[in-house]
Amino acid sequence: MSARADATRRRLFEATMRLARNRGLHDVTVEEIAAAAGVAKGTVYYNFGSKDGLVDALLRYGVDLLSERLRAAAGADDPVAGLSALVDGALEFISEYAGFSHILVSELWRTPGRWHETLRPLRDGIIAIIAEQLRRVAEAGRLSRRVDVGTAAAGLFGTLLVVALDWLVFTPERSRAEVRDSVLALLLGVAGDGS
């Protein structure tokens, strides 16, 4: 893909995120997306085939960015430090891409969801990254044996999305570090003694 086409796709993604943040994906039209991106309506169809194609590509793009952020953060030698970095990376991503995060929250658990087939493997990939980090914490004896890593990973993913959006909407005066530390205090209360 050329740099120009990539830039156009990103403008369309950003316009979709901005518009959908306040109104939801279903109420946003292709015409509005094109106008907000400063392109002709046909550009959406040329690049994605349809609004659904645009949303599908946007979901993949956003989750890929989040996955990269989480993988990079989780690389610390100390597993608890890696968990802290993962939580911080997720909060940073969600604050940077709040529009995408709103879309993700609104579509991820919608039943039946229009983009469920797209989101299911993307969700599973994110949860696998989180689960691997939690396994590292467990192997270091810092996670209670009573905790099911898969359930905890899904719970942490949902917690991060909801807590971050709650922070951005209701308590934006709090720093990201304060929110991170609160989430970690909750996690480490469970992860503390390894029993």
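An unreviewed UniProt entry lists the chain under the name TetR family transcriptional regulator, with Prauserella shujinwangii as the source organism.

Taking 1.5 Å per residue as the helical rise, helix α8 (residues 149–170) with its 22 residues ought to reach 32 Å, and the 30 Å between its terminal C-alpha atoms agrees with that figure. Regarding α8, the residues found buried are V149, A153, L156, F157, G158, L160, L161, A164, L165 and W167.

With that settled, consider the packing of helix α4 (residues 51–73) against helix α5 (residues 79–96). When two helices pack together, their arrangement is captured by the angle between the axes and the distance separating the axes. Two elements in contact, α4 and α5, have axes separated by 8 Å at closest approach and are oriented at 150 degrees. Accordingly, the angle class assigned to the pair α4 and α5 is roughly antiparallel. Considering only the axes of α4 and α5, their crossing is right-handed. Residues G62, L65, L66, R69, L70 and A73 of α4 touch α5, and the partners they reach there are G82, A85, L86, G89, A90, E92, F93 and E96. When grouped by side-chain class, the residues that make up the contact of α4 with α5 number eight nonpolar, three polar and three charged.

Turning our eyes to something else, we now look at the nonpolar core. One finds I130 and F157 to be the most contacted residues of the largest nonpolar core, which totals 59 residues. Ignoring sequence-local partners within four residues, the contact set of I130 consists of L70, L86, A153, L156 and F157.

Another aspect to go through is the UniProt feature "DNA-binding region" (unreviewed entry) in the chain. Under the local residue numbering, the UniProt record ascribes the feature "DNA-binding region" (unreviewed entry) to residues 29–48. For residues 29–48, the end-to-end C-alpha separation is 14 Å, with 80% helix and 0% strand making up the annotated structure.

The next thing to look at is the UniProt feature "domain: HTH tetR-type" (unreviewed entry) in the chain. Taking the numbering used here, the UniProt-annotated feature "domain: HTH tetR-type" (unreviewed entry) corresponds to residues 6–66. Annotated as residues 6–66, this span is 82% helix and 0% strand, and its ends, taken at the C-alpha atoms, are 18 Å apart.

What follows deals with the pattern of salt bridges. This model, assessed by the stated rule, comprises 13 salt bridges. Between D6 and R10 there is a salt bridge whose closest N-O contact spans 3.3 Å. In this pair, D6 and R10 both sit in helix α1 (residues 3–23), four residues apart, roughly one turn of the helix. D6 gets classed as partly exposed once you look at its relative accessible area, which sits at 29%. On the accessibility criterion, R10 (39% relative accessible area) is partly exposed. Put simply, R69, D88, E92, E96, R176, R180 and D181 are held in one network by salt bridges that share partners.

The rules we used
Residues numbered from 1 in each chain as written. Predicted model: local features only at pLDDT ≥ 70, side-chain atom pairs only at ≥ 80, totals over all residues. Heavy atoms only, no water. Helix = DSSP H or I, 4+ residues; strand = E, 2+ residues; numbered from the N terminus. Expected span 1.5 Å × (residues − 1). Buried < 20%, exposed > 50% of the residue type's maximum accessible area, 1.4 Å probe, protein only. Axes fitted to C-alpha atoms, helices over the stretch in contact; angles between N-to-C directions. Parallel < 35°, antiparallel > 145°, perpendicular 65-115°, else oblique. Left-handed = near helix turned anticlockwise from the far one by under 90°. Contact = heavy atoms within 4.5 Å. Nonpolar A, V, L, I, M, F, W, Y, C, P; charged D, E, K, R; others polar. Core = buried A, V, L, I, M, F, W, Y, C linked by side-chain atoms within 4.5 Å. UniProt positions renumbered as here; feature names shortened; annotations may be inferred. Salt bridge = Lys/Arg side-chain N within 4 Å of Asp/Glu carboxyl O.

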